[in-house]
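Here are the chains, one letter per residue:
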Amino acid sequence: QVQLVESGGGLVQAGGSLRPSCAASDYTFRFNVMGWFRQAPGKEREFLGHISWNGGSTYYADSVKGRFTISRDNPEKMVYLQMNNLQPEDTAVYYCAAEGRPYGLGTSPFNSWGQGTQVTVSS
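Heads up: these notes are all about the structure in this document. (Residues numbered from 1 in each chain as written. Predicted model: local features only at pLDDT ≥ 70, side-chain atom pairs only at ≥ 80, totals over all residues. Heavy atoms only, no water.)

**Thoughts on the overall build of the chain**
Okay, so step 1: A count of helices and strands for the chain gives zero helices and 11 strands.
Okay, so step 2: Reading the helices (α) and strands (β) of the chain from amino to carboxyl end gives β-β-β-β-β-β-β-β-β-β-β.
Okay, so step 3: The C-alpha radius of gyration of the chain comes to 13 Å, within 12% of the 14 Å expected for a compact globule of 123 residues.
Okay, so step 4: Taken along its principal axes, the extent of the C-alpha atoms in the chain is 40 × 25 × 25 Å.
Okay, so step 5: Of all 123 residues assigned to the chain, the portion counted as buried reaches 46%.
Okay, so step 6: Intrachain contacts of the chain at a sequence separation of at least 6 include 57% that bridge at least 24 residues.
Okay, so step 7: Roughly 6,300 Å² of accessible area belongs to the chain as shown, and the carbon and sulfur atoms make up 49% of that amount.
Okay, so step 8: Between the averaged position of the 10 positive side-chain charges in the chain and that of its 10 negative side-chain charges there is a distance of 3 Å. (Helix = DSSP H or I, 4+ residues; strand = E, 2+ residues; numbered from the N terminus. Rg over C-alpha atoms; globule rule 2.2 N^0.38 Å. Buried < 20%, exposed > 50% of the residue type's maximum accessible area, 1.4 Å probe, protein only. Contact = heavy atoms within 4.5 Å. Areas by Shrake-Rupley, 256 points an atom, 1.4 Å probe, with all protein chains shown as cover. Lys, Arg positive; Asp, Glu negative; His and termini not counted. Charge placed at Lys NZ, Arg CZ, Asp CG, Glu CD.)

**Considerations on the pairing of strand E11 (residues 117-122)**
Okay, so step 1: Here E11 shows a clear split, with Thr117, Val119 and Val121 buried on one side and none of Gln118, Thr120 and Ser122 buried on the other.
Okay, so step 2: Taken together, the four bridges between strand E2 (residues 10-13) and E11 define a ladder with parallel strand orientation. Counted as the bridge partner of Gly10 is Val119 from E11.
Okay, so step 3: The pairing of strand E9 (residues 92-99) with E11 spans three bridges and is classified as antiparallel. Within E11, the position partnered with Ala92 by the bridge is Val119. (Pairing = 2+ DSSP bridges.)

**Observations regarding the environment of Glu46**
Okay, so step 1: Along the polypeptide, Glu46 turns up in strand E5 (residues 46-51).
Okay, so step 2: On the basis of relative accessible area, Glu46 is assigned to the partly exposed category, the value being 27%.
Okay, so step 3: Apart from residues lying up to four places away in sequence, Glu46 is in contact with Trp36, Phe37, Arg38 and Ser63.
Okay, so step 4: Of the polar contacts made by the side chain of Glu46, one reaches the side chain of Ser63; its length is 2.9 Å. (Polar contact = N/O pair within 3.5 Å; in protein donor to acceptor, adjacent residues only side chain to side chain.)

**Some words on the pattern of salt bridges**
Okay, so step 1: Summed over all chains, the structure comprises four salt bridges.
Okay, so step 2: Measuring nitrogen to oxygen at the nearest pair gives 2.8 Å for the salt bridge that ties Asp90 to Arg67. Linking Asp90 in the loop between strand E8 (78-83) and E9 with Arg67 in the loop between strand E6 (58-60) and strand E7 (68-73), this pair joins segments that are 23 residues apart in sequence. We note that Asp90, like Arg67, is buried.
Okay, so step 3: Residues participating in the shared-partner salt-bridge network are Arg38, Glu46, Arg67 and Asp90. (Salt bridge = Lys/Arg side-chain N within 4 Å of Asp/Glu carboxyl O.)

**Some remarks on the sheet that holds E7**
Okay, so step 1: Read from one edge to the other, the open sheet built from four strands follows the order E1-E3-E8-E7, with strand pairing classed as antiparallel. Pairing within the sheet leaves two strands with one partner each, and these edge strands are strand E1 (4-7) and E7. For this sheet, the mean angle separating the axes of adjacent strands, direction not counted, is 15°. (Axes fitted to C-alpha atoms, helices over the stretch in contact; angles between N-to-C directions.)

Take a look at the structure:
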């Protein structure tokens, strides 16, 4: 399994933006759909979106569509989550994950996870 490390979270005021990053340990990740998830205190983990192995397509949950954008840079082994117009309800720990199946469609289990990065949005 590929090792993933998130960074780039932080504290931001409502209406602001953040761009968490996810660094992969090796180039095998370039064959996998990469997803972003979040978990707020006392809530279940929430799927936010994913990006295809070649970056050609993305899919987003309705809760973040139009505000969040996922991108990837395979040569740099990086995945990004651009978050705009953040609101207090976006406060959570944000995780990136790799789908276990190479060249998948984002419908198989994500079996490689990072440790998460905290995002806090103040009102």
